[in-house]
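Here are the chains, one letter per residue:
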Amino acid sequence: MPDCELCGRSADDMYVVEVDGVKMQVCRACTRHGKFIGKVRREQPTPIRKPHKMTEEEEEVEMLVPDYGDRIRKKRNELGLKREELAKKLNETESVIRRLEHGDMVPDDKLVRKLEKTLGITLREKVEVKRPEAKHDTQEGLTLGDVVKIKKK
Ligand SMILES: [Zn+2]
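Here's what I pulled together on the structure shown here. Keep in mind it's a predicted model, so treat the numbers as computed, not measured. (Residues numbered from 1 in each chain as written. Predicted model: local features only at pLDDT ≥ 70, side-chain atom pairs only at ≥ 80, totals over all residues.)

Turning our attention to the nonpolar core. With 8 residues, the main nonpolar core is built from Tyr68, Ile72, Leu86, Ile97, Leu100, Leu115, Leu119 and Leu123. Elements with a contribution of two residues or more to this core: α1 (68-78), α3 (94-101) and α4 (109-119). Non-local contacts of Leu86, meaning those with residues more than four positions away in its chain, are made with Arg76, Leu81 and Ile97. Within the second largest apolar cluster, 6 residues are counted, among which are Met14, Val26, Cys27 and Cys30. (Core = buried A, V, L, I, M, F, W, Y, C linked by C-beta atoms within 7 Å. Buried ≥ 20, exposed ≤ 12 C-beta atoms within 10 Å, placed from the backbone. Helix = DSSP H or I, 4+ residues; strand = E, 2+ residues; numbered from the N terminus. Contact = placed C-beta atoms within 7 Å.)

As structure tokens, this is what we get:
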């Protein structure tokens, strides 16, 4: 908080006055000691402006392949495993396997890793996600709506 250059008091509102030809920042009470010039515009705590870049940010993310169900079923058949046998290996239920194979259930990361390890297949692929840089000086993170293009490698 700025202090009045005349009385030393700190004040929210400061004014500029000219005293003997010298401009000073003073409190309201001290404005009477000089020639009133104007009010001091308080600096607003503005966020630091980053230069607006036109480039797109690219990010590589690992995503579940869309045909994970087919891959699981195919590999299970290759290995000559029944659903219940695979389920047992994975410590899951047969219905989980069935739903996975039908694409009715999206496995979580843990299950994906178990399936990959047990079956020796890959259920994830790297995709490049392109998204524009935030347009404004916002502190908010990007939302899903900012993901404009998903490109397969
Ligand atoms: Zn003062």
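Our focus in this paragraph is the environment of Val112. Its place among the elements puts Val112 in helix α4. Among the residues examined, Val112 registers 19 C-beta atoms within 10 Å and is labelled partly exposed. Spatially, the C-alpha atoms of Val112 and Tyr68 are 9.4 Å apart, while their sequence positions differ by 44 residues. Apart from residues no more than four positions distant in its own chain, Val112 is found in contact with Leu64, Pro107, Leu123 and Arg124.

Turning our attention to the sheet that holds strand β2 (residues 22-27). On the basis of which strands lie adjacent, the open sheet formed by 3 strands has the order β2-β1-β3 and antiparallel pairing. Each edge of the sheet is formed by a strand with only one pairing partner; in this case those strands are β2 and β3 (35-39). Across this sheet, the average inter-strand angle for adjacent strands is 35 degrees, counted without regard to direction. Pairing between strand β1 (residues 14-19) and β3: 4 bridges, direction antiparallel. Note that in β3 the partner of Val17 across the bridge is Phe36. (Pairing = 2+ DSSP bridges. Axes fitted to C-alpha atoms, helices over the stretch in contact; angles between N-to-C directions.)

Turning our eyes to something else, we now look at the pairing of β1. Looking along a regular strand, one sees side chains alternate from face to face of the sheet. Pairing analysis gives 6 bridges linking β1 to β2, with the strands arranged antiparallel. Bridged to Val16 within β2 is Gln25. Where β1 folds back on β2, the antiparallel hairpin that results is connected by 2 residues, among which Asp20 adopts a positive phi of roughly 50 degrees.

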